[in-house]
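This is what each chain is made of:
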Amino acid sequence: KKNESFTYPSFETDGGLSSPETMKQRTWPCRSEGSRFTSLPFLKPQDKDKRTRFSPIYRATTKSSTSSRSSSSSANEFGDFSMLPFDILMKIAAPFTLPNLQAASSVCKSWRDALKPLRESMLLLRWGKKFKHGRGGVRPNLDKALDSFLKGAALGSTLAMVDAGLVYWETGEKEKAVSLYRRAAELGDAVGQCNLGISFLLVEPSNPKEAIKWLKQSAENGYVRAQYQLALCLHHGRVVQTNMLEATKWYLKAAEGGYVRAMYNISRCYLVGEGLHQNRKLGRKWMKRAADHGHSKAQFEHGLALFSEGAMLKSVLYLELAERGGETAARHVKEVIHQQLSANSRQHAIQQANNWRALPASR
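Small disclaimer: the values here were computed from a predicted structure and weren't measured. (Residues numbered from 1 in each chain as written. Predicted model: local features only at pLDDT ≥ 70, side-chain atom pairs only at ≥ 80, totals over all residues. Heavy atoms only, no water.)

Concerning the overall build of the protein chain
When you go through the protein chain residue by residue, the secondary structure sums to 20 helices and 0 strands. When contacts within the protein chain are restricted to residue pairs at least 6 apart in sequence, long-range pairs at least 24 apart make up 57% of them. For the protein chain, the accessible area works out to roughly 17500 Å², and carbon and sulfur atoms hold 52% of it. (Helix = DSSP H or I, 4+ residues; strand = E, 2+ residues; numbered from the N terminus. Contact = heavy atoms within 4.5 Å. Areas by Shrake-Rupley, 256 points an atom, 1.4 Å probe, with all protein chains shown as cover.)

As structure tokens, this is what we get:
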């Protein structure tokens, strides 16, 4: 098959996207996206009828215990969420990033006081990243990084839990890593859910049932990397029964969310009619998107398609990019095209490749 072979990717890192030259199918999102929310739809008392199951407050309270629901029933009845019990508030806010914590803290004094530990955890998280990567004039020190992450995790931040788990996993203490991922996952952190699912695939012995459970939960929470990983599992049937209809559904969701590998795979599915009706137009569209986001295999295949259509200059640009990305087969086709172009046209194509920048992928 021309689709990407099934591999278990490494865990999320907090780095940015790789450059096109070093990318080679690496399109990891930024770790700092831990929260599911980019803004908080706080309701005024008169808006109580507008509250729906999509509200983060509503979701969290429906999952709370009976006693918690009864203690907050008065607050929910009148839409006065400032009366929400602090333990429930902390569970809701555990996956929040700093902007969302600041927004929540501005609602009322009681929320500001209750969320103080999580705001402090953001400072510890920031120092942990500095120590881990040697940023901001700080020398790399993994022990200090782990200490900062653990202190942030103790204050309730799922972002800190996941980063502490990453350090433990990288240093071989996998049980501690899985424990932290589980804590973050159970508090609703989609990255923690994804990493927990992947960890169940990688540990010995593996636990496919738990892996799929957490990957699916993360995917349903909108995390594109989990959507892609779940699609791979369903596509290749390595840990679950092959289900191409479900696989293409998750490939498409991840692709629409900006995940470059998924763009390439859904393109291949459309082009060969695997898991859905063959549609060469949509296949070409997603192939070009993957190529424009820096996927070297997509650049090679898109370059070949342009060559077959006679678009020589565009073709040689994508083939040049593919070769630089490690697709050695692109060299031969590019040399064939060069024989049909003038020296000026060849130089122009090279200059375009030098100035080319990949489109930003999901973060």
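Focus: helix 12 (residues 208-220)
Its 13 residues place the ends of helix 12 18 Å apart at the C-alpha level, agreeing with the 18 Å of an ideal helix rising 1.5 Å per residue. What helix 12 keeps buried is the set Glu210, Ala211, Ile212, Trp214, Leu215, Ser218 and Ala219. Where helix 12 is buried, its residues meet helix 10 (174-186), helix 11 (190-202), helix 13 (224-236) and helix 14 (244-256). Of the residues one or two after helix 12, Gly222 is the one with positive phi, at around 95°. (Expected span 1.5 Å × (residues − 1). Buried < 20%, exposed > 50% of the residue type's maximum accessible area, 1.4 Å probe, protein only.)

Some words on the pattern of salt bridges
Going through the model one piece at a time under the given rule, you end up with 16 salt bridges. One salt bridge connects Arg182 with Glu186, and the closest N-O pair in it is separated by 3.9 Å. In this pair, Arg182 and Glu186 both sit in helix 10, 4 residues apart, roughly one turn of the helix. When its relative accessible area of 28% is taken as the criterion, Arg182 is described as partly exposed. When its relative accessible area of 55% is taken as the criterion, Glu186 is described as exposed. As a salt-bridge pair, Lys213 and Glu210 come within 3.9 Å of each other at their nearest N and O atoms. Here Lys213 pairs with Glu210, and both are found in helix 12, just 3 residues apart, close to one helical turn. What makes Glu210 buried here is its relative accessible area of 18%. Counted as one network, the salt bridges with shared partners bring together Glu320, Glu323, Arg324, Arg331 and Lys334. (Salt bridge = Lys/Arg side-chain N within 4 Å of Asp/Glu carboxyl O.)

Overview of the UniProt feature "repeat: TPR" (unreviewed entry) in the protein chain
Sequence positions flagged by UniProt for "repeat: TPR" (unreviewed entry) are, in local numbering, residues 158-191. Secondary structure content for residues 158-191 is 82% helix and 0% strand, and the end C-alpha separation is 9 Å. (UniProt positions renumbered as here; feature names shortened; annotations may be inferred.)

Quick notes on the side chain of Ser148
Along the polypeptide, Ser148 turns up in helix 8 (residues 142-154). Residues within four places of Ser148 in sequence aside, it is in contact with Leu124, Trp127, Gly128 and Phe131.

Describing unusual backbone geometry
Looking along the chain, the bond that leaves Glu204 and enters Pro205 is cis, with omega of -5°. With respect to the secondary-structure elements, Pro205 resides in the loop between helix 11 and helix 12.

So, the packing of aromatic side chains
Aromatic rings in a pair are described by how distant their centres are and how their planes are angled relative to each other. Counted by the stated rule, this structure contains 3 aromatic pairs. Residues Trp127 and Phe131 carry aromatic rings whose centres are separated by 5.8 Å and whose planes lie at 35° to one another, so their mutual orientation is tilted. Taken together, the positions of Trp127 and Phe131, both in helix 7 (residues 116-133) and 4 residues apart, correspond to about one turn of that helix. Since its relative accessible area comes to 35%, Trp127 is described here as partly exposed. You can call Phe131 buried: its relative accessible area is 15%. Ring pairing ties together the aromatic residues Tyr228, Tyr251 and Tyr259, which thus form one cluster. A cation sits over an aromatic face here: Arg289 above Trp286, 4.5 Å from the ring centre. (Phe/Tyr/Trp six-rings, centres within 6.5 Å; stacked < 30°, edge-to-face > 60°. Lys NZ or Arg CZ within 6 Å of the ring centre and 35° of its normal.)

With respect to the environment of Leu321
With respect to the helices, strands and loops of the structure, Leu321 is situated in helix 18 (residues 312-324). On the basis of relative accessible area, Leu321 is assigned to the buried category, the value being 7%. With 24 residues separating them along the chain, Leu321 and Lys297 place their C-alpha atoms 9.9 Å apart. Among residues more than four places away in sequence, those in contact with Leu321 are Gln299, Ala353 and Trp356.

Details of the packing of helix 14 against helix 15 (residues 260-272)
The N-to-C vectors of helix 14 and helix 15 enclose an angle of 135°; their axes lie 8 Å apart at closest approach. Regarding the angle of helix 14 to helix 15, the classification is oblique. Remark: the crossing between helix 14 and helix 15 carries left-handed chirality. Contacts between helix 14 and helix 15 involve Met244, Thr248, Tyr251, Leu252, Ala254 and Ala255 from the first element and Ala262, Met263, Asn265, Ile266, Cys269 and Tyr270 from the second. Residue composition of the contact of helix 14 with helix 15, grouped by class: 10 nonpolar, 2 polar and no charged. (Axes fitted to C-alpha atoms, helices over the stretch in contact; angles between N-to-C directions. Parallel < 35°, antiparallel > 145°, perpendicular 65-115°, else oblique. Left-handed = near helix turned anticlockwise from the far one by under 90°. Nonpolar A, V, L, I, M, F, W, Y, C, P; charged D, E, K, R; others polar.)

Re helix 10
For helix 10, spanning 13 residues, the distance from its first C-alpha to its last is 18 Å, which sits close to the expected 18 Å at 1.5 Å a residue. The complete set of buried residues in helix 10 reads Ala177, Val178, Leu180, Tyr181, Ala184 and Ala185. For helix 10, the angular spread of the buried residues around the axis is 165°, confining them to a single face. Turned more than 90 degrees away from the buried face of helix 10, the exposed residues are Glu175 and Glu186. Looking at the packing, one finds that the buried side of helix 10 touches helix 8, helix 9 (158-170), helix 11 and helix 12. Gly188 occupies a position one or two residues after helix 10 and carries a positive phi of about 95°. (Arc of directions from axis to C-beta.)

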